[in-house]
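Given next are the chains, with one letter for each unit.
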Amino acid sequence: DLEFSSPKSWAKNATFAVVPNNSFQATAIASEHSFSACLLVMDDNHRLPEWLAYHYYALPLRHVVIASDPASRNPLEIPIKWFQLMNITIWEDKDFLPRDVDLLRKPSDTPDERRSKNIRRHTYLLHQCSIHLKRLNRTWTAYHDIDEYLTISEDFF
């Protein structure tokens, strides 16, 4: 089981975490001792609840910016409980792409054009997300895909 200390000095900047010890007590985690993440999701939205739950406990993840690719066939669905446990910001293309940049995929796009647009969209997202999180005084930030999980070595604890 993970346990987090909660010094009184953290109270000013604390978010709340549910500690996985079957008692589900809320324990304060200071903002400077938690992680943020920037995610671009497409047709793997079904992975999002598990990804959030895992990183909520493993890191501890407390702030997430999520953009859903407009070409996604699946709507972005996030269980409401995660909005109660962490700060989740949902972005559309207009929130992070420059106004003069059109990265919508067209049926006539070649595979190379589709790949290039995806890489550019991801690059713009990570850049703007980093600026956004810096403005919020967030420090530790994870940049990876939703099918990737950070693992914590047992030697760490």
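This text follows the structure it describes.
Residues numbered from 1 in each chain as written. Predicted model: local features only at pLDDT ≥ 70, side-chain atom pairs only at ≥ 80, totals over all residues. Heavy atoms only, no water.

J.: Describe the overall build of the protein chain, naming the residues involved and giving the relevant values.
T.: Assigned secondary structure in the protein chain consists of four helices and six strands. Walking the protein chain from its N terminus toward its C terminus, one meets helices and strands in the order β-β-β-α-β-α-β-α-α-β. With 157 residues in all, the protein chain has 36% of them scored as buried. Across the protein chain, every contact between residues at least 6 apart in sequence was considered, and the portion connecting residues at least 24 apart equals 67%. When the accessible area of the protein chain is evaluated, it comes to approximately 9900 Å², of which 51% is carbon and sulfur surface. (Helix = DSSP H or I, 4+ residues; strand = E, 2+ residues; numbered from the N terminus. Buried < 20%, exposed > 50% of the residue type's maximum accessible area, 1.4 Å probe, protein only. Contact = heavy atoms within 4.5 Å. Areas by Shrake-Rupley, 256 points an atom, 1.4 Å probe, with all protein chains shown as cover.)

J.: Requested: an account of the sheet that holds strand β4 (residues 61-68), with residues and values cited.
T.: Picture the strands of a sheet paired through backbone hydrogen bonds; they go either parallel or antiparallel. With parallel pairing, the four strands of this open sheet are ordered in space as β5-β4-β3-β6. Both outer strands of the open sheet, β5 (87-91) and β6 (140-143), are each paired with one neighbouring strand and no more. This sheet shows a mean twist of 20 degrees between the axes of neighbouring strands, independent of strand direction. Where strand β3 (residues 35-41) meets β6, four bridges bridge the pair, whose relative direction is parallel. (Pairing = 2+ DSSP bridges. Axes fitted to C-alpha atoms, helices over the stretch in contact; angles between N-to-C directions.)

J.: Could you give an account of the pattern of salt bridges, naming the residues involved and the relevant values?
T.: For the structure on display, the rule yields six salt bridges. Of the charged contacts, one joins R121 and D93 as a salt bridge, the two residues approaching to 2.8 Å between their closest N and O atoms. On the criterion of sequence distance, the pair formed by R121 in helix α4 (residues 111-135) and D93 in helix α3 (residues 93-96) is long-range, its members being 28 residues apart. D93 matches R121 in its accessibility class, with the two residues each being buried. Its salt-bridge partner being D102, residue K106 comes within 3.5 Å of it at the nearest N-O pair. Here K106 falls in the partly exposed class, since its relative accessible area comes to 38%. Overall, D102 belongs to the partly exposed group, its relative accessible area being 46%. (Salt bridge = Lys/Arg side-chain N within 4 Å of Asp/Glu carboxyl O.)

J.: Quick rundown of the pairing of β4? Include the residues and the values.
T.: In terms of burial, β4 is largely enclosed, as seven of its eight residues are buried. With seven bridges connecting them, β3 and β4 associate as parallel partners. Directly across from L39, in β4, lies its bridge partner I66. After leaving β3, the chain enters helix α1 (residues 48-58) and then returns to the sheet as β4, a path that is right-handed. In the sheet, β4 pairs with β5 via five bridges, with the strands oriented parallel. When the bridges of β5 are listed, V65 appears paired with T89. (Right-handed = clockwise from strand over helix to strand, strands pointing away.)

J.: Lay out the side chain of H144 in plain terms, naming residues and giving numbers.
T.: By secondary structure assignment, the location of H144 is in the segment after β6. Looking at H144, the relative accessible area reads 12%, which means it is buried. A polar atom in the side chain of H144 sits 3.3 Å from the backbone oxygen of E148. Contact partners of H144, with chain neighbours within four places excluded, come to C38, L39, W51, H55 and L150. (Polar contact = N/O pair within 3.5 Å; in protein donor to acceptor, adjacent residues only side chain to side chain.)

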